Amino acid sequence: TMTDTPDSFHTLAAPGVGEFKDRGSKFIAYAYPVCTEEEALRQLEAVRKEHFKARHHCFAWRLGLDGLRFRANDDGEPSGTAGRPILGQIDAAGLTDVVVIVVRYFGGTLLGASGLIQAYRESAAEALRQAPKVEKILQEFVQITVGYALLPDLQNAVKKCAADILQESYGDTEAYLEIGIRKNVASET
């Protein structure tokens, strides 16, 4: 039976940067692949250190295969004008295990709520566009010991069900294989 749990997800292969300017205010967005909140907070700290003169460092992240771990922070901007639009762009791109941090240098003119939402949304979207994406497959790992007579059959079977041979070692009479099988395939076999 097919399970409802996804066994692959899309994330960033590398960071991306985006910029947006409006009436003198400058927004610089940084998108990073992260696996944990600690990593996300480390990236935030690094960006804060680099842009210590900036007025705001707003951010959002979404983590985990189910995407249930998320956070959106306005860092002093009016409620809902920064963190939520940033998170919205992560979700629109269908990504997880991602943090986007947007740095704002204030230009002296107030942009209003809709102007802020647009600026945070556009800069975040641009950073995510610039970052290369990757699909990651969740695998279950299986160790198999097989006699040499059956080895070719096993290798063919592995190819057929889109699995990867991660390690092979050969003894006198047997081969030892470690195989990664896509989770949903593993649950069907």
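In this report, the structure presented in the accompanying data block is examined. Note that residues are indexed from 1 along each chain, following the sequence as it is written. Per-residue local features of the predicted model are confined to residues with pLDDT of at least 70, and side-chain atom pairs are confined, for both listing and counting, to 80 or more; whole-chain, interface and lining totals are unaffected and use all residues. For the side-chain quantities, the full set of heavy atoms in the structure was used; hydrogens and water were omitted.

### Things to note about the side chain of Thr81
And step 1. Along the chain, Thr81 falls in the loop between β5 (69–73) and α2 (83–92).
And step 2. Working definition: with a 1.4 Å probe on protein chains only, accessible area under 20% of the residue-type maximum means buried, over 50% means exposed, and in between means partly exposed. Classification of Thr81 as buried rests on a relative accessible area of 3%.
And step 3. Within the local environment of Thr81, its side chain forms a polar contact with the backbone oxygen of Pro78, the two atoms lying 2.6 Å apart.
And step 4. Those residues in contact with Thr81 that lie beyond four places of it in its chain are Asp74, Ala113, Leu116, Ile117 and Tyr120. A run of H or I in DSSP becomes a helix once it reaches four residues, and a run of E becomes a strand once it reaches two; helices and strands are each numbered from the N terminus. Pairs of N or O atoms within 3.5 Å make up the polar contacts considered here, provided that, within protein, one atom can donate a hydrogen while the other can accept it, and that residues adjacent in sequence are counted only when both atoms are side-chain atoms. The criterion used for residue contact is that any of the two residues' heavy atoms lie within 4.5 Å.

### Some points on the environment of Arg71
And step 1. If you trace the backbone, Arg71 turns up in strand β5.
And step 2. Take Arg71: its relative accessible area is 36%, and that puts it in the partly exposed class.
And step 3. C-alpha of Arg71 to C-alpha of Thr96: the two residues are 25 residues apart in sequence and 12 Å apart in space.
And step 4. Ignoring anything within four residues of it in the chain, the contact list for Arg71 reads Leu41, Phe59, Ala60 and Trp61.

### With respect to the pairing of strand β4 (residues 56–63)
And step 1. Across the eight residues of β4, eight count as buried, placing the element largely inside the fold.
And step 2. Side chains of β4 alternate between two faces, with His56, Cys58, Ala60 and Arg62 and His57, Phe59, Trp61 and Leu63 buried alike.
And step 3. Pairing between strands requires that DSSP locate at least two bridges from one strand to the other. Pairing geometry for β4 and strand β6 (residues 98–105), over seven bridges, is antiparallel. Along β6, the bridge assignment pairs Cys58 with Val102.
And step 4. Across five bridges, the pairing between β4 and β5 is antiparallel. For Phe59, the partnering residue across the bridge sits in β5 and is Asn73.

### Here's the deal with the pairing of strand β2 (residues 16–22)
And step 1. With burial as the criterion, only one face of β2 is covered, namely that bearing Gly16, Gly18, Phe20 and Asp22; the residues Val17, Glu19 and Lys21 on the opposite face remain uncovered.
And step 2. Direction of pairing for β2 relative to strand β3 (residues 25–33): antiparallel, over a ladder of seven bridges. Looking at the pairing, Asp22 lines up with Ser25 of β3.
And step 3. Taken together, β2 and the strand that follows it, β3, pair antiparallel across an intervening segment of two residues, in which Arg23 is found at a positive phi of about 45°.

### Regarding the pattern of salt bridges
And step 1. One side-chain nitrogen of Lys or Arg within 4 Å of one carboxyl oxygen of Asp or Glu is enough to make a salt bridge. If you walk through the whole model with that rule in mind, you get eight salt bridges.
And step 2. Put simply, Lys21 and Glu19 hold a salt bridge, and the shortest N to O gap is 3.4 Å.
And step 3. Accessibility expressed as a relative area gives 57% for Lys21, which makes it exposed.
And step 4. With a relative accessible area of 44%, Glu19 lands in the partly exposed category.
And step 5. Between Arg104 and Glu77 there is a salt bridge, with the nearest N and O atoms lying 3.0 Å from each other. Residue Arg104 is located in strand β6, and its partner Glu77 is located in the loop between β5 and α2; the two are separated by 27 residues in the primary sequence.
And step 6. Connected through salt bridges with shared partners, the residues Glu45, Arg48 and Asp75 form a single ionic network.

### Let's talk about the packing of aromatic side chains
And step 1. For this analysis, a ring pair means two rings from Phe, Tyr or Trp (six-membered ring only for Trp) whose centres lie within 6.5 Å, classed as stacked if their planes differ by under 30 degrees, edge-to-face if by over 60, and tilted for the remaining angles. All chains considered together, the criterion is met by five aromatic pairs.
And step 2. Plain terms: the ring middles of Tyr30 and Tyr32 are 6.4 Å apart, the flat faces sit at 5° to each other, and that makes the pair stacked.
And step 3. Judged by its relative accessible area of 14%, Tyr32 falls in the buried class.
And step 4. Relative to Tyr170, the ring of Tyr148 has its centre 6.2 Å away and its plane inclined at 25°; by these criteria the two rings are stacked. Pair noted here: Tyr148 is in the loop between β8 (139–147) and α4 (151–160) and Tyr170 is in strand β9 (residues 164–170), with a separation of 22 residues, a long-range link.
And step 5. Accessibility expressed as a relative area gives 32% for Tyr148, which makes it partly exposed.
And step 6. Taken together through their ring pairs, the aromatic side chains of Phe20, Phe27 and Tyr120 make up a single cluster.

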